[in-house]
Amino acid sequence: MAEVDVDPITTLIPGIDSSQRHLGFVWGPGDLLAYETQYKPTGLTLDSSHADEDIYSPILRKLFNESHHIFVGLQNMKDDVPSKNKKHQYVTHVSKNYRSVIRACMEETHSQLKTASDIIPRWFECMFIRQVSILLAVELIWNLCEVLFIEAAPAGSLLLHLLDWVRLHKADVDEKAQEVLQSECPAEHQAYWDVTVCYILQGRIDEARQILLKQASQQPAARVTFKLMDSLLMKMPIYNPGGTQTLTEFDVKWRRWHQECDRCLQDNSFASHPHLELICKILVGDEDTLLEQREHLSTWYHFLVTRLLYCHPTVKPTELHYYAQASMDMFLDGRSAPEPLDSILLAAFEFDIHQVIKDCSIALNNWWFVAHLTDLLDHCKLLQSHNLHFGSNLREFLLLEYASGLFTHHSLWQLAVDYFDHCPEFGRVYLELQIERVPLDTERKALKVLRICEQRQMAEQVRSICKIMAKKALRNNRLGSALSWSIRAKDAAFATLISERFLQDYCTHGTFSDLDLIDNLGSAMLLSDRLTFLGKYREFHKLYAEKQFAEAARLLLSLMTAKIAPRSFWMTLLTDALPLLEQKQVIFSADQTYELMHCLEELTTGKVAPETELSMQEDNIEATKIELLRLALARNLALAIVKEGTLEA
């Protein structure tokens, strides 16, 4: 917990009663905190114990997913577009798309908070408020950077963009105005003049004139005074960038209008009506009057834009930092110290891009904002001169940090892959390191990871994943899956081990498991001798089942004579030959029968006498098999010799 002895700068959230709830922003080393506050001179206790859980927030996950598509689209944008059109494309299709995603996430969070505020726990409500406050700050900064850095509006147009910026982020006046206009007598509503003044402060002259008509109709005696005010508001020059009027001509026209407003004030034309006199003082840009409207302005940057509107409407971009610093000093006036949000906005007004990125990196509790903004600015060729000492440029460094954070999430890691792909210097190295840390919980997830590695020719990672999954399948006695993974890994030793397990299971149960896999090994069976034998032995069974006895006999004999079959499996093969030897027709020729006899004698020569009773029983069974085989082979040899002699005769 930390004690703060100053009044915080607050930002109103649209839709939340501004008379009861304000949000202050406070940054720590790795977090941004939001808290409810009232303007009070007493110290405030803030909870700084928030963890970096944004990546696990369902609302912010939508932000990460949607912005990923925008990011990839930007990277794929062709470089052959003319620079002016390209910059315009960046603004319309990228920067504003990013902002629309931020706004959508903010509105969804606020909507959920509003819907469930009565049933959710207090801590959960605080989390939602915190997320809304973070998104508000992010959109505020992004929008200003868009105006100053990307659109790079010149004098005249610059103020129009800043007015739109303020109006977008100070929208509570519209809710108040709606409440006033829907009342029985709008002119007598307690918030009537507050709404009127707010419209004037935001430069929304047409709305101010319309609402003033309500009051004028209620006061016939003051109709002349209201008409004079309406005339001043109607005459107020507004710069039109697309018009024929030059900036100099606009400035001359504006100064005449300003002098007329000042003359009306000096003549006490509105002395009989304090509210209209207040509006006239705002129109002439009286600083004391503007500072008295702190409650309506709420922030120093709103005060700055209003001050520019009524004092310096042709302000140049290079002059902004002077007015920004002066406005912040005047508005805060020692009442509170500048917050990190203030420092970020001030750095933007100073056109110090790198300071904005640096301060945001410290202030915000994840890398999303700085990574995407830096990438956008880099595409606008605004960061080319800023490289880091350890090799990577600023854009790549921030993208790598953001993507590395995504890899800690169970599903967002897939988005991170594309960010690494677009980091040409270190992206592949990071991806290789991070991909190995993804937990392979399921075969489906393993296949996703494998596909990513295969698409990028990451051979070492492919082998590692396949080996891990093969061992996991083998531990679970899923031989088919284990063999499939070992083949993908091209691991001959492991394929041999699994083939042995298949053969052992066959000897135990008399049937093969996973026949579909074994039947379709194809060229993969050449990975190891044992796997080759497994595939060929299965082929023998298929030939036998199809009654192709001659082909089956040739294959069986070749497995032993070519030494493909393990010696321990010879007895099984010889036993498989018995049904063929017992056929009415002769299957094995005399030469083939001699080969079988040679294999049998080689197998039985030098056998050690059994030592245990169990071994003796097994040996007796085997001896019986050997005797049966010898009899069958002798009978077949005799038949084969007779048959072959008859054919020769």
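None of these values were measured; they are calculated from a predicted model.

1. Points about the pattern of salt bridges
The full count for this structure, using the stated rule, is 25 salt bridges. Put simply, Asp421 and Arg456 hold a salt bridge, and the shortest N to O gap is 2.6 Å. With Asp421 in helix 19 (residues 413-421) and Arg456 in the loop between helix 21 (443-455) and helix 22 (459-475), this pair connects stretches of sequence that are 35 residues apart. Classification of Asp421 by relative accessible area gives partly exposed; the value is 35%. What makes Arg456 buried here is its relative accessible area of 17%. Residues Glu602 and Lys563 are paired through a salt bridge, measuring 3.6 Å at the closest nitrogen-oxygen approach. Of this pair, Glu602 sits in helix 29 (residues 590-604) while Lys563 sits in the loop between helix 27 (549-561) and helix 28 (570-581), and the two are 39 residues apart along the sequence. Here Glu602 falls in the partly exposed class, since its relative accessible area comes to 26%. For Lys563, a relative accessible area of 52% puts it in the exposed group. Three or more residues joined by partner-sharing salt bridges are found here, namely Asp174, Arg204 and Glu207.

2. Considering the packing of aromatic side chains
Across all of its chains, the model carries 27 aromatic pairs by this definition. A centroid spacing of 5.7 Å and a plane angle of 75° characterise the contact between Trp142 and Phe369, whose relative ring orientation is edge-to-face. Here the residue Trp142 occupies a position in helix 3 (residues 122-150), and Phe369 occupies one in helix 17 (residues 368-379), the gap between them amounting to 227 residues. Note on accessibility: Trp142 and Phe369 belong to one class, buried. Taking 5.6 Å as the distance between ring centres and 15° as the angle between the ring planes, the aromatic pair formed by Phe533 and Tyr537 counts as stacked.

3. With respect to the confidence of the model for the protein chain
Of the residues in the protein chain, 84% reach a pLDDT of 70 or more, and the chain-wide mean stands at 80. For the protein chain, strand 5 (residues 44-46) is the element with the lowest average pLDDT, namely 25, and helix 13 (residues 300-311) is the one with the highest, namely 94. With pLDDT under 50 throughout, residues 1-52 is counted as low confidence; its partners more than four residues away or in other chains account for 134 contacts.

4. As for the packing of helix 6 (residues 192-201) against helix 10 (residues 274-283)
Closest axis-to-axis distance for the helix 6/helix 10 pair is 10 Å, and the angle between their directions is 15°. With respect to helix 10, the element helix 6 is oriented roughly parallel. Crossing hand, helix 6 versus helix 10: right-handed. Seen from helix 6, the contacting residues are Trp193, Thr196, Val197, Ile200 and Leu201; seen from helix 10, they are His275, Leu276, Leu278, Ile279, Ile282 and Leu283. The residue inventory of the contact of helix 6 with helix 10, partitioned by class, reads nine nonpolar, two polar and no charged.

5. A look at the environment of Val173
Structurally, the position occupied by Val173 is in helix 5 (residues 172-181). For Val173 and Tyr199, which are 26 residues apart along the polypeptide, the C-alpha to C-alpha distance reads 7.6 Å. Discounting chain neighbours no more than four positions away, the residues touching Val173 are Val195, Cys198, Tyr199, Gln202 and Arg204.

Parameters and conventions
- All chains use their own residue numbering, which begins from 1 and follows the written sequence.
- In keeping with the predicted nature of the model, local features appear solely for residues at pLDDT of at least 70, side-chain atom pairs appear and are counted solely at 80 or more, and the whole-chain, interface and lining totals rest on all residues.
- Side-chain figures throughout are based on the complete set of non-hydrogen atoms in the structure, without hydrogens or water.
- What makes a salt bridge here is a side-chain nitrogen of Lys or Arg within 4 Å of a carboxyl oxygen of Asp or Glu, nothing more.
- Only runs of H or I of at least four residues qualify as helices and only runs of E of at least two qualify as strands under DSSP, and these elements are numbered from the N terminus.
- Three labels apply to residues, based on accessible area from a 1.4 Å probe with only protein chains included: buried if under 20% of the type maximum, exposed if over 50%, partly exposed otherwise in between.
- The criterion for an aromatic pair is that two Phe, Tyr or Trp rings (for Trp, the six-membered ring) have centres within 6.5 Å, with stacked assigned to planes under 30 degrees apart, edge-to-face to planes over 60 apart and tilted to the rest.
- A residue's pLDDT is the predictor's confidence in that residue, given on a scale from 0 to 100.
- Any two residues having at least one pair of non-hydrogen atoms within 4.5 Å are treated as being in contact.
- Interaxial angle, 0 to 180 degrees, is taken between N-to-C directions of lines fitted to C-alpha atoms, where a helix line uses only the stretch in contact.
- Each angle receives one of four descriptions, namely roughly parallel if under 35 degrees, roughly antiparallel if over 145, roughly perpendicular if within 65 to 115, and oblique otherwise.
- By definition, turning the near helix anticlockwise from the far helix through less than a right angle yields a left-handed crossing, and turning it clockwise yields a right-handed one.
- All amino acids are sorted into three groups, where Ala, Val, Leu, Ile, Met, Phe, Trp, Tyr, Cys and Pro are nonpolar, Asp, Glu, Lys and Arg are charged, and the leftover types, Gly among them, are polar.

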